[in-house]
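Here is how the chains run, residue by residue.
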Amino acid sequence: MLKTLRWTWPVLLLALVFLLPWGCYLSRPTTEMKVVVLDKTVPFRTWVEHRSLFWLMDHLKVRNLSGEPYNGRKDYLGAFPGPEPGDRPAQTRDLALSDAIGADLVYIADTYGVYEDDLKSGSKMEAALERSPKIYGGLERAEAEAAVASLNAGNKLVVEFNTLASPTRSGPREIMEQALGVRWTRWVGRYFPRLEDDQEGPRWLVRNYEAEWDRDWEFEGAGYVLLQDDAHVEVLQVGRESERNGLVLMREQPVDRLLEGARDGVGYAFWFSIVE
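Below or above, wherever it landed, is the structure these notes cover. In this text, all values refer to a predicted model and were calculated from it rather than measured experimentally.

### Some words on the overall build of the protein chain
Counting its regular elements, the protein chain contains six helices and 15 strands. On the principal axes, the C-alpha backbone points of the protein chain span a range of 80 × 50 × 50 Å. For the protein chain, with 276 residues in total, the buried portion stands at 38%. In the protein chain, the proportion of contacts linking residues at least 24 apart, taken out of those at least 6 apart, comes to 66%. About 16,800 Å² of surface is accessible on the protein chain, with carbon and sulfur atoms providing 54% of the total.

This is the structure we're talking about:
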């Protein structure tokens, strides 16, 4: 009897550790919202640019108006990848006014797009590090007008990188800038933990730097690369031109009520637009 009890309590405790979070999730109330997501950068069936958003909506139990979970493989607009790696998009669909005007939230995840050389990696499903012809991408004027119409109707609008930068043209960009209260400086940037890694950054970036500055790309270690209009290149090395090792997200003060439960200092390791 004592032997049985001695082994029962650890098993019950272990089960509680695993089941308690699941129980908390099941007990959390659901929230029904019409969420419209636009993602044009989906060359492969990985849905990388909006996958985390759909994970978060599922975690928070955000449901569609029918009470069903959102499906990140189909419940969005933009580029829909073909059945096999390397296939051209099976379908594309732009954001329309009819999509946006009745939405509680319009979320523009990425409009950079799909390019010819992205598809050449086939089963490796790796984005190309060289420029190539665009298949589909960039925010269109009608899409910008639809997003702003939804915002003006009192709904929420969230815009991520890359929406303002290339290949979006000046017309739709200016519409978004006015609505968001920002101006894109024509600069984008990214933090690289290893500037010498030629498998991470675009190869044309290195060529542009060497042509502009008439010197070899001999950077090593961590640093930031800043680009203006995909042409002018600046490199800020950590420990020399920059003190901070890596970007973190900080909440603007005073903190908005919607962000009270968030925390400062979360790392960010991708491209960003510089706005003012």
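Okay, back to it.
### Details of the sheet that holds strand E5 (residues 91-93)
Read across the open sheet, the five strands follow the order E5-E4-E2-E6-E9; overall the sheet is mixed. Only two strands of the sheet have a single neighbouring strand rather than two, namely E5 and strand E9 (156-159). Put simply, the sheet's adjacent strands are angled 20 degrees from each other on average, direction ignored. Alignment of strand E4 (residues 77-80) against E5, held across three bridges, turns out to be antiparallel. In the strand pairing of E5, glycine 78 is matched with arginine 93.

### A short note on the nonpolar core
Of all hydrophobic cores here, the largest spans 33 residues; its most connected members are Leu95, Met176 and Val225. Sorting the residues of this core by element identifies strand E2 (35-39), strand E6 (105-110), helix H4 (141-152), helix H5 (170-180), strand E10 (184-192), helix H6 (203-213), strand E11 (223-228) and strand E12 (232-237) as the ones contributing at least two each. With four residues, H4 is the largest single contributor of residues to this core. Excluding anything up to four places from it in sequence, methionine 176 contacts Ile108, Leu139, Ala144, Ala147, Val148, Leu157, Val159 and Leu164. Counting residues in each nonpolar core, the second largest holds 19 residues, with Val42, Phe44, Phe80 and Leu119 among its members.

### Topic: H6
Listing the buried residues of H6 in full gives Trp204, Leu205 and Tyr209. Viewed end-on, H6 has its buried residues packed into an arc of 140 degrees, placing them on one side of the element. Along its buried surface, H6 packs onto E11 and E12. Aspartate 214 occupies a position one or two residues after H6 and carries a positive phi of about 55 degrees.

### A look at the pattern of salt bridges
Under the definition given, this model contains 15 salt bridges. Glutamate 200 is the salt-bridge partner of arginine 190, the closest N and O atoms lying 2.4 Å from each other. Of this pair, arginine 190 sits in strand E10 while glutamate 200 sits in the loop between E10 and H6, and the two are 10 residues apart along the sequence.

### As for helix H2 (residues 48-59)
If you check H2, its first and last C-alpha atoms are 17 Å apart, about what 12 residues at 1.5 Å a residue would give, namely 16 Å. Along H2, the residues that are buried comprise His50, Leu53, Phe54 and Met57. Down the axis of H2, the smallest arc covering the buried residues is 95 degrees, so these residues share one side. Looking at H2, the residues exposed on the side facing more than 90 degrees away from the buried face are Ser52 and Trp55. The secondary structure elements touched by the buried residues of H2 are E2, strand E3 (62-63) and E6. Following H2 by one or two positions, lysine 61 adopts a phi angle in the positive range, close to 60 degrees.

### Observations regarding the side chain of asparagine 155
By secondary structure assignment, the location of asparagine 155 is in the loop between H4 and E9. The contacts of asparagine 155, once residues within four sequence positions are left out, are Ala100, Ile101, Ala103, Asp104 and Ser150.

### A word on the sheet that holds E11
Strand pairing within a sheet occurs via backbone hydrogen bonds; the two strands may be parallel or antiparallel. Across the sheet, which stays open at both edges, the four strands sit in the order E12-E11-E10-E15 with antiparallel pairing between neighbours. Both outer strands of the open sheet, E12 and strand E15 (272-275), are each paired with one neighbouring strand and no more. Between one strand and the next, the sheet's axes are offset by a mean angle of 25 degrees, whatever the strand orientation. In the sheet, E10 pairs with E11 via six bridges, with the strands oriented antiparallel. When the bridges of E11 are listed, valine 188 appears paired with leucine 227. This element, H6, spans E11 and E12 of the sheet and lies at about 100 degrees to E12.

Calculation criteria
- Residues numbered from 1 in each chain as written.
- Predicted model: local features only at pLDDT ≥ 70, side-chain atom pairs only at ≥ 80, totals over all residues.
- Heavy atoms only, no water.
- Helix = DSSP H or I, 4+ residues; strand = E, 2+ residues; numbered from the N terminus.
- Buried < 20%, exposed > 50% of the residue type's maximum accessible area, 1.4 Å probe, protein only.
- Contact = heavy atoms within 4.5 Å.
- Areas by Shrake-Rupley, 256 points an atom, 1.4 Å probe, with all protein chains shown as cover.
- Pairing = 2+ DSSP bridges.
- Axes fitted to C-alpha atoms, helices over the stretch in contact; angles between N-to-C directions.
- Core = buried A, V, L, I, M, F, W, Y, C linked by side-chain atoms within 4.5 Å.
- Arc of directions from axis to C-beta.
- Salt bridge = Lys/Arg side-chain N within 4 Å of Asp/Glu carboxyl O.
- Expected span 1.5 Å × (residues − 1).

These values are about where atoms sit, not about what they do.
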